[in-house]
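Chains, contacts and geometry: an overview
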Amino acid sequence: MTAMLEVRDLRVSYGKIEAVKEISFSVEEGQVVTLIGTNGAGKTTTLRTISGLLRPSGGSIHFQGKPIDRTPAHEIVTLGVAHSPEGRKIFPRLTVEENLLLGAFSRKDGGVKADLQAAYELFPILGERSKQPAGTFSGGEQQMLAMGRAMMSRPKLLMLDEPSMGLSPLMMKRIMSTVKTLQRQGTTILLVEQNAQAALKLADRGYVLEVGKIVLQGSGKELLASDDVRKAYLGED
Ligand code: ATP
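So, here is what we can say about the structure in this document. These numbers were taken from a predicted model, which means no experiment stands behind them.

**Observations concerning the sheet that holds strand β8 (residues 188–193)**
- The strand order across the open sheet formed by six strands is β6-β7-β8-β3-β9-β10, and the pairing between neighbours is mixed. Edge positions in the open sheet fall to β6 (81–84) and β10 (213–219), since each of these has one partner strand only. Put simply, the sheet's adjacent strands are angled 15° from each other on average, direction ignored.
- Pairing of strand β9 (residues 205–210) with β10, which is carried by six bridges, proceeds in the antiparallel orientation. If you follow Gly206 over to β10, its bridge partner there is Gly218.
- Seen against the sheet, helix α6 (residues 139–151) touches β6 and β7 (157–161) and runs at an angle of roughly 165° to β6.
- Its contacts with the sheet put helix α7 (residues 169–184) on β3 (32–36), β7 and β8, and the angle it makes with β8 is roughly 160°.

**Points about the sheet that holds strand β1 (residues 5–14)**
- The four strands are arranged β2-β1-β4-β5 in an open sheet whose pairing can be described as antiparallel. A single partner strand is all that each edge strand has here, and the edge strands are β2 (17–27) and β5 (66–67).
- Summarising the sheet, β1 and β2 pair through eight bridges and their orientation is antiparallel. Along β2, the bridge assignment pairs Ser13 with Glu18.
- Sheet strands touched by helix α1 (residues 43–50): β1, β2 and β4 (58–63). Its angle to β1, the strand with the most contacts, is close to 115°.

**A look at unusual backbone geometry**
- For Glu22, which is not glycine, the phi torsion reads 60° and is therefore positive.
- One can find Glu22 in strand β2.
- Overall, Glu22 belongs to the partly exposed group, its relative accessible area being 47%.
- In this structure, Arg154 is a non-glycine residue whose phi angle is positive, near 55°.
- Since its relative accessible area comes to 46%, Arg154 is described here as partly exposed.

**What to know about the environment of Leu234**
- Inspection of the secondary structure puts Leu234 in the segment after α10 (227–233).
- Taking the C-alpha atoms as reference points, Leu234 and Lys43, separated by 191 residues in sequence, lie 18 Å from one another.

**Re the side chain of Glu6**
- By the secondary structure assignment, Glu6 is in strand β1.
- A polar contact is formed between the side chain of Glu6 and the side chain of Arg8, at a distance of 2.4 Å.
- Among residues more than four places away in sequence, those in contact with Glu6 are Phe25, Ser26, Ser60, Ile61 and His62.

**Points about the site of the ligand**
- Around the ligand sit 13 residues, and of these Asn39, Gly40, Lys43, Thr44 and Thr45 come closest.
- In this structure, an oxygen atom belonging to the ligand sits 2.8 Å away from a side-chain N or O atom of Lys43.
- Between the ligand and Glu86, the relevant distance is 3.1 Å, taken from an oxygen atom to a side-chain nitrogen or oxygen of the residue.
- Relative to its unbound accessible area of 620 Å², the ligand is 62% covered by the protein chains.
- Broken down by element, the shell around the ligand gets its largest block of residues, three residues, from α1.
- In terms of residue class, the shell around the ligand is built from three nonpolar, seven polar and three charged.

**Considerations on the pattern of salt bridges**
- Summed over the entire model, instances satisfying the criterion amount to six salt bridges.
- A salt bridge links Glu18 to Arg11; its shortest N-O distance comes to 3.0 Å.
- Of the residues examined, Glu18 reaches a relative accessible area of 26% and is grouped as partly exposed.
- The partly exposed category is assigned to Arg11, whose relative accessible area is 30%.
- Linking Arg129 and Glu141 is a salt bridge whose minimum nitrogen-to-oxygen distance equals 3.4 Å. Taken together, the residues span a long stretch of sequence, with Arg129 in the loop between α5 (124–128) and α6 and Glu141 in helix α6 at a distance of 12 residues. Glu141 shares its class with Arg129; the two are buried.
- Through salt bridges that share partners, Arg11, Glu18 and Glu22 make up one connected network.

The rules behind each value
Residues numbered from 1 in each chain as written. Predicted model: local features only at pLDDT ≥ 70, side-chain atom pairs only at ≥ 80, totals over all residues. Heavy atoms only, no water. Pairing = 2+ DSSP bridges. Helix = DSSP H or I, 4+ residues; strand = E, 2+ residues; numbered from the N terminus. Axes fitted to C-alpha atoms, helices over the stretch in contact; angles between N-to-C directions. Contact = heavy atoms within 4.5 Å. Buried < 20%, exposed > 50% of the residue type's maximum accessible area, 1.4 Å probe, protein only. Polar contact = N/O pair within 3.5 Å; in protein donor to acceptor, adjacent residues only side chain to side chain. Near = heavy atom within 4 Å. Areas by Shrake-Rupley, 256 points an atom, 1.4 Å probe, with all protein chains shown as cover. Nonpolar A, V, L, I, M, F, W, Y, C, P; charged D, E, K, R; others polar. Salt bridge = Lys/Arg side-chain N within 4 Å of Asp/Glu carboxyl O.

Just distances and angles here, no functional claims.
The following block contains the structure:
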């Protein structure tokens, strides 16, 4: 069986700087897979390349068996890959509902209204404040909106870039438990996090990135128990 997402020997450069250096990993259907690592390890670059926003300088990316490394970004969305970007990138002057509808831009089916309701069920605050400008929201609420917007394309694979960034511990728990809920509802998830502990706790599989290379991989449990991970990422001696 081929994995839902298969990244092989991927290289990505910004001019002369090689930010991703021949990394390989895969995401099986139904899994939560996490990429962890410190600032500048290449996590965001990897997600942006899978989304088609950056082009690889080497290697390959297959989604459901098809190569997508030369596919335009809007077609990648149509194939079933959604990206909730670092920093959330919501549109502050648009209402919550308008932001959510932008996530459905690629849809031609009639199910958009039902999916708006599904987003409001997942995050009731979005429903309560659907007509308010998104810029009035707190960081945690904006994160909910960014995830809700990504879900509006009905993705098979949802990629989340640092959803816990800048959130209170309580809000972070809320977001992480929503990741689990989405997995239970059938979405496959690729989660990029600097908060290694939170990510590994819920991940089926994890990869540790350091300056553009994968240095460790294993199940979430294995990595949580690994001395190297504990020392480098969980602040333990
Ligand atoms: P962060 O959590 O800070 O986003 P990251 O693991 O996601 O870290 P990337 O943002 O992918 O890392 O950055 C990887 C490397 O590429 C870093 O050395 C970074 O300085 C460099 N880089 C990122 N974006 C650009 C860019 N637009 N131009 C040049 N270099 C870049």
